[in-house]
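Letter by letter, the chains look like this.
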Amino acid sequence: MPAPLNRLKHRLAAGEVTHGIWVGLADPYLAEIAATAGFDWLLIDGEHAPNDIRSLSAQVAVVAASDSVPVIRLPDDDPAKIKQALDIGAQTLLIPMIESGAQADRAVKACLYPPHGIRGVGSALARASRFAAIPDYLTTANDQICLIVQIESRAGLAALDEVLAVDGLDGVFIGPSDLAADMGHLGKPGHPEVQHAVLDAIRRIRAAGKAAGVLTTDPAFIEACKAAGATFVGVGIDVTLLAGALRALAGKYTGA
Ligand SMILES: O=C(O)C(=O)C[C@H](O)[C@@H](O)CO
């Protein structure tokens, strides 16, 4: 019996457009609610949300039981964190702040078991192998790992071609918020210069045959990114959706 099929990896490889949201409420009960919505994937944010390996594990488990595919974003490209995320059962990772082909290649190798990579072997303890209930996990896991790296700075954009040349990389995600900050437009991911850079990068990523990712809550820019070729399309954030709805309701009755 092989490692579980990673539907998202293969849909992205086929060039399918997929939609998901950021899940930052850092609670499995809330992640399970999000998993009833019907998104193709849910990105469990380990970079900006108050998650740790146990909360990530609990959220991966509940989302994996749904029709949505769990994706974990780690806070950095630390191979030890990548190892832990894969061992708890995530098969799709998003790694932020990539700025060179060498850095992207190291991230790929951290995801893969030898001889193709350096992922440490602990499958006997790991949810990923269903605690060794999947006898062929070690020899089949690599084929189901999906790695998407984030380009979100001018240095990252300058290195995009070398990042796209990295074998084993499934996709590149352009982070509008951090890119805006680095471009001198802090807090303005919708600035025309930023949006132009995002769309140009998406076109280059798709021309290289990789999945192109983005996160924006602007409906018009969502469509512009999809027209440019985006296939891993983040369209919302659970925290802002909840906060916005609560504030609107409070304002309706309390004048808050
Ligand atoms: O730079 C970006 O944009 C992203 O990487 C997404 C943000 O981190 C996300 O938290 C929304 O602000």
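Within every chain, residues take consecutive numbers counted from 1 along the sequence as written. Owing to the predicted nature of the model, reporting of local features is limited to residues with pLDDT of at least 70; listing and counting of side-chain atom pairs is limited to 80 or more, with chain, interface and lining totals taken over all residues. Each side-chain value is worked out from all heavy atoms of the structure, with water and hydrogens disregarded.

Caption draft 1: How the structure looks around the pairing of strand 4 (residues 92-95). Going residue by residue along strand 4, you find Thr92 and Leu94 tucked away on one face and Leu93 and Ile95 tucked away on the opposite face as well. For two strands to be treated as a pair, DSSP must find no fewer than two bridges joining them. We count a stretch as a helix when DSSP gives it H or I for four or more residues in a row; a strand needs E for two or more, and each element gets its number in order from the N terminus. Where strand 3 (residues 69-73) meets strand 4, 2 bridges bridge the pair, whose relative direction is parallel. Within strand 4, the residue paired with arginine 73 across the bridge is leucine 94. Between the parallel elements strand 3 and strand 4, the chain passes through helix 4 (residues 79-87) in a crossover that is right-handed. Bridging between strand 4 and strand 5 (residues 146-151) involves 4 bridges; their strand directions are parallel. Opposite threonine 92, over in strand 5, you have cysteine 146 as the bridge partner. Under the scheme applied here, a residue whose accessible area is under 20% of the maximum for its type counts as buried, over 50% as exposed, and between as partly exposed, the area being computed with a 1.4 Å probe on protein chains only. Note on handedness: a clockwise path from strand one over the helix to strand two, with the strands aimed away from the viewer, defines a right-handed crossover.

Caption draft 2: Region of interest: the packing of aromatic side chains. Aromatic contacts are taken between Phe, Tyr and Trp rings whose centres are within 6.5 Å, Trp giving its six-membered ring; a plane angle under 30 degrees counts as stacked, one over 60 as edge-to-face, and the others as tilted. One pass over the structure, following the stated rule, counts 4 aromatic pairs. Measuring from centroid to centroid gives 6.3 Å for tryptophan 22 and tryptophan 41, while their planes differ by 70°, and the two rings are edge-to-face. You can see tryptophan 22 sitting in strand 1 (residues 18-23) and its partner tryptophan 41 sitting in strand 2 (residues 41-45), a full 19 residues away along the chain. For tryptophan 22, a relative accessible area of 5% puts it in the buried group.

Caption draft 3: Representation of the site of the ligand within the structure. Taken together, Trp22, His48, Arg73, Gln150, Glu152, Phe173, Gly175, Pro176, Ser177, Asp178, Leu215 and Ile237 make up the full set of residues adjacent to the ligand. Between the ligand and arginine 73, the relevant distance is 3.0 Å, taken from an oxygen atom to a side-chain nitrogen or oxygen of the residue. At 3.2 Å, a backbone N or O of proline 176 approaches an oxygen atom of the ligand. The Shrake-Rupley method, run with a 1.4 Å probe, gives the accessible areas here. Residue values count only the displayed protein chains as cover. Burial of the ligand by the protein chains amounts to 84% of its free accessible area of 330 Å². Here the element with the most residues in the shell around the ligand is helix 9 (residues 176-182); it accounts for 3 residues. If even one non-hydrogen atom of a residue comes within 4 Å of a molecule or strand, that residue is called near it. In the analysis that follows, any N or O atom pair within 3.5 Å is treated as a polar contact, provided that within protein one partner can donate a hydrogen and the other can accept it, and provided that, for residues neighboring in sequence, both atoms belong to side chains.

Caption draft 4: Local environment of helix 4. All of the buried residues in helix 4 are Ile82, Ala85, Leu86 and Asp87. Looking at the buried positions of helix 4, the neighbouring elements they touch are helix 3 (53-64), strand 3, strand 4, helix 5 (101-111) and helix 6 (137-140). The N-cap of helix 4, judged by a side-chain oxygen 2.9 Å from the amide nitrogen of alanine 80 a few residues on, is aspartate 78. Positive phi appears at glycine 89, one or two residues downstream of helix 4, with a value of about 115°. Note on contacts: a residue pair is in contact if any heavy atoms of the two residues lie within 4.5 Å.

Caption draft 5: Examining the pattern of salt bridges more closely. Salt bridge, as applied in this entry: a Lys or Arg side-chain nitrogen positioned within 4 Å of an Asp or Glu carboxyl oxygen. By the definition in use, this model includes 13 salt bridges. The salt bridge partner of aspartate 45 is arginine 73, with a shortest N-O separation of 2.7 Å. Residue aspartate 45 is found in strand 2, and its partner arginine 73 is found in strand 3; the two are separated by 28 residues along the sequence. Summarising the burial analysis for this pair, aspartate 45 and arginine 73 share the class buried. Here arginine 204 ties to aspartate 200 by a salt bridge, and the two come within 3.9 Å at their closest N and O atoms. In this pair, arginine 204 and aspartate 200 are both assigned in helix 10 (residues 192-207), 4 residues apart and thus about one turn of the helix distant. A relative accessible area of 28% means that arginine 204 is categorised as partly exposed.

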